[in-house]
Amino acid sequence: MAAGVAAWLPFARAAAIGWMPVATLPMPVAPAEKSKRQDELIILNVSGRRFQTWKNTLDRYPDTLLGSSEKEFFYNEETKEYFFDRDPDLFRSVLNFYRTGKLHYPRYECISSYDEELAFFGIIPEIIGDCCYEEYKDRKRENAERLMDDQEDNKDAKLPNMTFRETMWRAFENPHTSTMALVFYYVTGFFIAISVITNVVETVPCGSSPNQKDVPCGERYTVAFFCMDTACVMIFTVEYLMRLFAAPSRYRFMRSVMSIIDVVAILPYYIGLVMTDNEDVSGAFVTLRVFRVFRIFKFSRHSQGLRILGYTLKSCASELGFLLFSLTMAIIIFATVMFYAEKGSTSSKFTSIPASFWYTIVTMTTLGYGDMVPKTIAGKIFGSICSLSGVLVIALPVPVIVSNFSRIYHQNQRADKRRAQKMQKARLARIRLSKKGSCTAYLHSKRNGLLNEVLELTNLQYKLNLSDQGSTEDEQHLNKSTSLLANQHHHLLHCLEKTTNHEFVDEQYYQQSYLETALQNYPSRSPSLSSHEGMTGTCCTRPSKKHRHTPLPNSSTTTHMKPLAHSHQGGLQELSTIHIQPLSSSRCSLNLCVDEAMALNCQSGQITTAIITMPTPPLTTPEADAPLPAGHAHQQNVVKVSAL
Amino acid sequence: MGALMVIFSLQPKQRRKMTDSVEDELELSAVRHRPEGLEQLEAQTRFSRKELQILYRGFKNECPSGVVNEETFKEIYSQFFPQGDASTYAHFLFNAFDTDHNGSVSFEDFVMGLSILLRGTVQEKLNWAFNLYDINKDGYITKEEMLDIMKAIYDMMGKCTYPMLKEETPRQHVEVFFQKMDKNKDGVVTIDEFIDCCQNDENIMRSMHLFESVL
């Protein structure tokens, strides 16, 4: 039911009079209000605090506890009020939801108790208004994370039935799970440190021989350093291969940053092994050694902070890009200016614009080495402007990056944005579904509508005949009170259908019929019992044969029989056995059965039950055809059965 | 230096903001509207006191300021037709209810309109319907006006219908309508032709009484 605007339903129904002169078909009968009751006050006693409201207010949301007949369970006969043993403070929000149509989340309440109240009263939390929804979601997420953290402490117990591979992977990823993993973790860390220190010490001059110039240690103790290097590389290689083996998705592992760093760290050694003999590329070989320094990045596996730093830089890519861009602009401008300003002076160091770049960079970053200084007055003026503006250009984007880092650090790298987006989509989807619920409720009640009417107006014998095919459920459907409001709303939609001579259908059915028009399928079967049977046989597991023998008087006295009926008289007589499928159709997964049911025409005491049954592939009229039922049915082999 | 410039540019904005908020407040208070007394409305319409009370409570709930503008009107009406787009028809309805054409529907307009629709004579109802269809209120319903109305009604059905809605369905419906209503075949329907024709049509007569028990 349209939320919160239930009071405007009379207006919408009155406005439907605007369709009447346009409609070509007679309108359905309005649902009778069985008792013209005045709006009454209901007393809701929640743990001693009495709330009062109009009954209509509660009826606005018939699928909640207070709006449906479920509240009768809480009715107290002696005091003539509804008693709920719940928190009265939280009940305020619930009741305000009925009154205003918006659900608010009070910030001082505990999130889990609020959730429990909502669940008790049958209200879905997605309806919380936009004003409070973010707060609600944040609190809920915090709570969930807290619960998860508590659980994680217990998670370290080894799960049974893990393969050796999975155990290894888990050991690599969480070093705290077992002692072996911890040992491995520290050993690799130690060797990374050794390797880095080796690389550094290699270049320190340990001059010993007095006559020779200082030789770096690497060339003095070549063998020793070579052995160290080999040992480290062996450890790293073994580690890399083990990780590769244990990874659940090898391809993804190989693409990850950490594994690339690993590869880059050990590759120079192997390339060096291969290339030692060739003298020409030894120069290149030397540069390859530079890559050994990447081993230090392997530490990022051991440090959460390093990872966060890397992530920050990645996420601040746009700010960094802006910084770079603005710096480049400024450098070019000032370098040009300085070059031309200093062109005149003799023995100027500003030999070309690119040469001035160095001066500009050093000045803008306030380094000021002093190896290049302007000598002309103009040069000095522009030089000072350069250094002043350098401060500004660099200082501006830096706080953004810093704040980004702190934010990410505090969020602890949980992929919040991604999850929030998913939540937003899920929330919108649920709200959309509950809104669609009103329309599907209408379609559902259309199918049940026929059953209700027929059962009301036929005799008991008919009911008895139905008893063997689970008419208990029929009874239940009949007795299930759809609220008056819902009835009136459905009646309104029904009037619209009659005005336009088109019916509302489900999405699924619409897609199907759309496909079929594309296929342009024309069955040539004539309406006959066989098609009737065949159709039911294919669609619905519940056989309609049992229905068949229940006689429904085929009245010829109805003045409202469609002209079509007369033309198909012969075939109709046989098919007067009503194809009552609403019950089974509601269980039918195929929408085929569902919507070929009944358009219910109720006219003052007479029932003209028009049922459109169709052979299995349903058609829509091929060409521009007057949407009148007569012509419609003719070309489509639909059969209209009038009964009663 | 740049910081100084920034500070200077901020100041005039703040001053502008203050004057804007004052004006906004004035506007808001002007929009608030209280309806005439209950007795007067009772005299002018055919509703009883209780019915007027119920109507006003619902009205005020949705529109606390006392008047409903077109946007709110469209929103409210669209909630009853979730499958289709009811905004065009709501626009026409709004114009039909807003009898003094001031862009908003007050409670009096609302209740007068409802009184005609729910408690009026058949003549009055038909008059109201004619007024709804006659978009430019010149006393004639042309085919274009009728086509607009028809499209608006079909829009409310939405996409998922059986049989599938086609482009020419509203146009055909308009043709049928004109064939029935336009007696002298001059391409327009006048109020007299309309009322005459409707009074001779049983279906329409019956449907006019359909909503009398509402409220």
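Residues numbered from 1 in each chain as written. Chains lettered and ligands numbered in written order. Predicted model: local features only at pLDDT ≥ 70, side-chain atom pairs only at ≥ 80, totals over all residues. Heavy atoms only, no water.

Taking an unreviewed UniProt entry as the reference, chain B is identified by name as Kv channel-interacting protein 4 belonging to Cynoglossus semilaevis. Looking at the Sequence similarities (unreviewed entry) heading of the UniProt record, one finds this comment for chain B: "Belongs to the recoverin family." (UniProt positions renumbered as here; feature names shortened; annotations may be inferred.)

Participant: Mind showing me how you'd approach the overall build of chain B here?
Facilitator: In terms of helices and strands, chain B carries 11 helices and 5 strands. Here chain B, with 215 residues, has 42% of them falling under the buried criterion. For chain B, contacts bridging at least 24 residues in sequence account for 58% of all contacts bridging at least 6. Of the roughly 11400 Å² of accessible surface on chain B, a fraction of 54% belongs to carbon and sulfur atoms. (Helix = DSSP H or I, 4+ residues; strand = E, 2+ residues; numbered from the N terminus. Buried < 20%, exposed > 50% of the residue type's maximum accessible area, 1.4 Å probe, protein only. Contact = heavy atoms within 4.5 Å. Areas by Shrake-Rupley, 256 points an atom, 1.4 Å probe, with all protein chains shown as cover.)

Participant: How should I be thinking about the overall build of chain A in this particular structure?
Facilitator: A tally of helices and strands in chain A yields 29 helices and 8 strands. Looking at chain A as a whole, 41% of its 644 residues qualify as buried. In chain A, once contacts between residues fewer than 6 apart in sequence are set aside, the share between residues at least 24 apart is 69%. With an accessible surface of roughly 35100 Å², chain A has 61% of that area assigned to carbon and sulfur atoms.

Participant: Looking at this model, I keep getting lost on the interface of chain A and chain B. Mind explaining?
Facilitator: A common measure of how large an interface is: the accessible area buried when the components associate. At the junction of the two partners, chain A supplies 71 residues and chain B supplies 61 residues. Carbon and sulfur atoms make up 70% of the surface buried where chain A meets chain B, a total of about 5600 Å² over both sides. Here chain A and chain B share 0 salt bridges between them. The interface formed by chain A and chain B includes 5 residue pairs in polar contact (both at pLDDT 80 or more). Elements supplying a minimum of two residues to the side of chain A that touches chain B: helix 1 (9–15), helix 18 (416–457), helix 21 (484–500), strand 5 (503–504), helix 22 (507–519) and helix 29 (629–636) of chain A. (Buried area = accessible area lost by both parts, 1.4 Å probe. Salt bridge = Lys/Arg side-chain N within 4 Å of Asp/Glu carboxyl O. Polar contact = N/O pair within 3.5 Å; in protein donor to acceptor, adjacent residues only side chain to side chain.)

Participant: For this particular structure, what's the right way to read the confidence of the model for chain A?
Facilitator: The predicted coordinates should not be examined in detail at positions where pLDDT is low. Residues and elements named next belong to chain A. Of all residues in chain A, 64% attain a pLDDT of 70 or more, and the chain-wide mean is 71. The model gives residues 459–464 a pLDDT under 50, and that stretch makes 8 contacts with residues more than four places away or in other chains. Note that residues 522–644 has pLDDT below 50 and, in this model, 204 contacts with residues that lie over four places away or in other chains. (pLDDT = per-residue confidence, 0-100.)

Participant: Looking at this structure, I do not really get the packing of aromatic side chains. What am I missing?
Facilitator: Within a pair of aromatic rings, the relevant descriptors are the distance that separates the centres and the angle that separates the planes. Tallied over the entire structure, the rule returns 46 aromatic pairs over all chains. One residue, K298(A), lies across the ring of F236(A), its end atom 4.6 Å from the ring centre. A cation sits over an aromatic face here: K143(B) above F178(B), 5.5 Å from the ring centre. (Phe/Tyr/Trp six-rings, centres within 6.5 Å; stacked < 30°, edge-to-face > 60°. Lys NZ or Arg CZ within 6 Å of the ring centre and 35° of its normal.)

Participant: Sorry, what's going on with a nonpolar patch on the surface here?
Facilitator: A cluster of nonpolar side chains, I197(A), V200(A), V201(A) and V204(A), forms an exposed patch at the surface whose accessible area comes to about 320 Å². Here V200(A) is to be found in helix 7 (residues 179–202). (Patch = residues over 30% accessible without salt bridge, like charges linked within 9 Å, V, L, I, M, F, W, Y side chains within 5 Å.)

Participant: What is the right way to read the nonpolar core from this model?
Facilitator: One recurring pattern in soluble globular proteins is that nonpolar side chains are buried together. In this structure, W19(A), Y77(B), F81(B), L93(B), F110(B), M146(B) and F194(B) are the most contacted members of the largest nonpolar core, which totals 79 residues. By residue number, the principal contributor to this core is helix 8 (residues 143–157) of chain B, which donates 9 residues. The two domains that each donate at least three residues to this core are domain 1 (39–120) and domain 2 (122–214) of chain B. If we skip the residues at most four places from it in the chain, W19(A) touches L492(A), C495(A), L496(A), T499(A), Y77(B), F81(B), Y89(B), Y133(B), I153(B) and M156(B). L90(A), Y105(A), I128(A) and C132(A) belong to the second largest nonpolar core, which has 27 residues in total. (Core = buried A, V, L, I, M, F, W, Y, C linked by side-chain atoms within 4.5 Å. Domains from an automatic or database assignment.)

Participant: It is not clear to me how the pairing of strand 4 (residues 81–84) of chain A should be interpreted in this structure. Could you clarify?
Facilitator: On a regular strand, one side chain projects to one face of the sheet and the next to the other, so that they alternate. Residues and elements named next belong to chain A. One ladder, built from 3 bridges, connects strand 1 (residues 41–46) with strand 4; its direction is parallel. Within strand 4, the position partnered with V46 by the bridge is F84. Note: strand 3 (residues 75–76) against strand 4, 2 bridges, orientation antiparallel. When the bridges of strand 4 are listed, N76 appears paired with E81. Taken together, strand 3 and the strand that follows it, strand 4, pair antiparallel across an intervening segment of 4 residues, in which K80 is found at a positive phi of about 60 degrees. (Pairing = 2+ DSSP bridges.)

Participant: Help me understand the UniProt feature "domain: EF-hand" (unreviewed entry) in chain B, please; the structure alone is not making it clear to me.
Facilitator: Residue and element names in this part refer to chain B. According to UniProt, the "domain: EF-hand" (unreviewed entry) feature falls on residues 85–120, 121–156 and 169–204. Helix makes up 72% of residues 121–156 and strand 8%, and the two end C-alpha atoms of the span are 28 Å apart. Secondary structure content for residues 169–204 is 72% helix and 8% strand, while the C-alpha to C-alpha distance between its ends is 21 Å.

Participant: Just to check I follow, could you spell out unusual backbone geometry for this structure?
Facilitator: With glycine set apart, most residues show a phi of negative sign, and most peptide bonds adopt trans. One non-glycine residue, K137(B), lies in positive phi territory at about 55 degrees. Secondary-structure assignment places K137(B) in the loop between helix 7 (122–133) and strand 3 (140–142).

Participant: Help me understand the environment of G272(A) in this model?
Facilitator: Within the element layout of this structure, G272(A) appears in helix 11 (residues 257–275). The sequence separation of G272(A) and L288(A) amounts to 16 residues, and the corresponding C-alpha distance is 8.2 Å.

Participant: Sorry if this is basic, but what is going on with the sheet that holds strand 1 of chain A here?
Facilitator: Backbone-to-backbone hydrogen bonds pair the strands of a sheet. The strands run either parallel or antiparallel. All names here are of chain A. The strand order across the open sheet built from 4 strands is 2-1-4-3, with neighbouring strands paired in mixed fashion. Because the sheet does not close on itself, it has two edges, and the strands there are strand 2 (49–54) and strand 3. Of the strands in this sheet, strand 1 and strand 2 are in contact with helix 3 (residues 88–100), which crosses strand 2 at around 5 degrees. (Axes fitted to C-alpha atoms, helices over the stretch in contact; angles between N-to-C directions.)

Participant: Before we go on, may I ask you to explain the side chain of T190(B) in this structure?
Facilitator: Here T190(B) is to be found in strand 5 (residues 188–190). T190(B) has contacts with F130(B), G139(B) and Y140(B), leaving out every residue within four places of it along the chain.

Participant: In this structure, what is going on with the environment of S104(B)? I would like to understand it.
Facilitator: Residues and elements named next belong to chain B. Locating S104 in the fold gives a position in strand 2 (residues 104–106). Given the relative accessible area of 17%, S104 is considered buried. Setting aside chain neighbours within four positions, we find S104 in contact with V67, V68, F94, D98 and D109.

Participant: How should I be thinking about the packing of helix 7 of chain B against helix 10 (residues 191–200) of chain B in this particular structure?
Facilitator: All names here are of chain B. The interhelical angle for the contact between helix 7 and helix 10, taken along N-to-C directions, is 130 degrees, at an axis separation of 10 Å. By the angle between their axes, helix 7 is oblique relative to helix 10. Handedness of the crossing formed by helix 7 with helix 10: right-handed. Along its contact with helix 7, which presents Q123, L126, N127, A129, F130 and Y133, the element helix 10 presents I191, F194, I195, C198 and Q199. (Parallel < 35°, antiparallel > 145°, perpendicular 65-115°, else oblique. Left-handed = near helix turned anticlockwise from the far one by under 90°.)

Participant: Before we go on, may I ask you to explain the side chain of E239(A) in this structure?
Facilitator: In this fold, E239(A) is placed in helix 9 (residues 222–246). Residues in contact with E239(A), not counting those within four places in the same chain, are F184(A), T188(A), K298(A) and R301(A).

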